[in-house]
Amino acid sequence: DAGVIQSPRHEVTEMGQEVTLRCKPISGHDYLFWYRQTMMRGLELLIYFNNNVPIDDSGMPEDRFSAKMPNASFSTLKIQPSEPRDSAVYFCASSLSGSSGNTIYFGEGSWLTVV
Amino acid sequence: TQLLEQSPQFLSIQEGENLTVYCNSSSVFSSLQWYRQEPGEGPVLLVTVVTGGEVKKLKRLTFQFGDARKDSSLHITAAQPGDTGLYLCAGALTGNQFYFGTGTSLTVIP
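Since we're looking at a predicted model, the values are computed, not measured. (Residues numbered from 1 in each chain as written. Chains lettered and ligands numbered in written order. Predicted model: local features only at pLDDT ≥ 70, side-chain atom pairs only at ≥ 80, totals over all residues. Heavy atoms only, no water.)

**Observations concerning the packing of aromatic side chains**
On inspection of all chains with the given rule, the structure shows ten aromatic pairs over all chains. Aromatic side chains F33 of chain A and Y48 of chain A sit 5.5 Å apart centroid to centroid with 25° between the ring planes, which places their arrangement in the stacked category. One end of the pair, F33 of chain A, is in strand β4 (residues 31-38); the other, Y48 of chain A, is in strand β5 (residues 42-50), with 15 residues separating them in the sequence. With a centroid separation of 5.3 Å and 90° between ring planes, the pair formed by Y35 of chain A and F100 of chain B is classed as edge-to-face. Here Y35 of chain A is found in strand β4, whereas its partner F100 of chain B is found in strand β10 (residues 98-100) on a different chain. Following the ring pairs from residue to residue traces out a cluster consisting of Y31, F33, Y35, Y48, F91 and F106 of chain A together with Y35 and F100 of chain B. (Phe/Tyr/Trp six-rings, centres within 6.5 Å; stacked < 30°, edge-to-face > 60°. Helix = DSSP H or I, 4+ residues; strand = E, 2+ residues; numbered from the N terminus.)

Written out as structure tokens, the structure reads:
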């Protein structure tokens, strides 16, 4: 079975540019999470969706960040305009409510560098 | 402010040694999980504990959930180089919303 698929795996962009990260969750999962990982702050929950509806976006750092989930099989995280401090690994993850242990399955991450 | 603090932050040991990693919080969790993350990959679930005082074993790894469900520990017996990685605890206050700890980076030297 395919796991959580993220794209791009690596992106280098200039400050001020728009960045769009994409995610395909595991088929049938009803929860989708976006996390950001840095050395300084560890793994931070940015936003999560349940059945395509945003439930908690309190972790989104500021208005430059936005996330959408137009359907059950696709989500995007957009940064506009990007800044060097946004450089991090962004993980998308999904889970199935009611599953044993509520296992969260992570993608391989999108490595973002803003110069 | 991190909801979950892990200690130590870094740990480097020789193959065959034992070690314990701690995960502490002032909050009570409905469940707590441990993940291992290898370089260039996402975290992978090792175990979930839900009952205060619960102990689970996974081969050489022993996980314990504190009686008050505020803390947890991971003990590795006879560490091997394959155990090298970043160990993360994650606690759920309610439902599926998990908050991750600060992480413990483990290096096992052959």
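**Examining the interface of chain B and chain A**
Chain B puts 18 residues into the contact, and the matching count from chain A is 22 residues. Roughly 1,500 Å² of surface becomes buried between chain B and chain A when both sides are summed, with 52% attributable to carbon and sulfur atoms. Looking only at chain B, the three residues that lose the most surface to chain A are N96, Q97 and F100 of chain B, adding up to 36% of its buried area. Scanning the region where chain B abuts chain A turns up zero salt bridges. Applying the counting rule to chain B against chain A returns four residue pairs in polar contact (both at pLDDT 80 or more). At the level of elements, β4 (31-37), β5 (44-49), β9 (85-92) and β10 of chain B are the ones that each hand at least two residues to the side of chain B that touches chain A. When its residues are assigned to classes, the side of chain B that touches chain A shows eight nonpolar, nine polar and one charged. (Contact = heavy atoms within 4.5 Å. Buried area = accessible area lost by both parts, 1.4 Å probe. Salt bridge = Lys/Arg side-chain N within 4 Å of Asp/Glu carboxyl O. Polar contact = N/O pair within 3.5 Å; in protein donor to acceptor, adjacent residues only side chain to side chain. Nonpolar A, V, L, I, M, F, W, Y, C, P; charged D, E, K, R; others polar.)

**What about the environment of V89 of chain A?**
All names here are of chain A. By the element assignment, V89 lies in strand β9 (residues 88-95). Along the primary structure V89 and Q17 are separated by 72 residues, whereas in three dimensions their C-alpha atoms are 17 Å apart. Every residue in contact with V89, bar those within four places of it in the chain, is listed here: Y35, R36, Q37, G109, S110 and W111.

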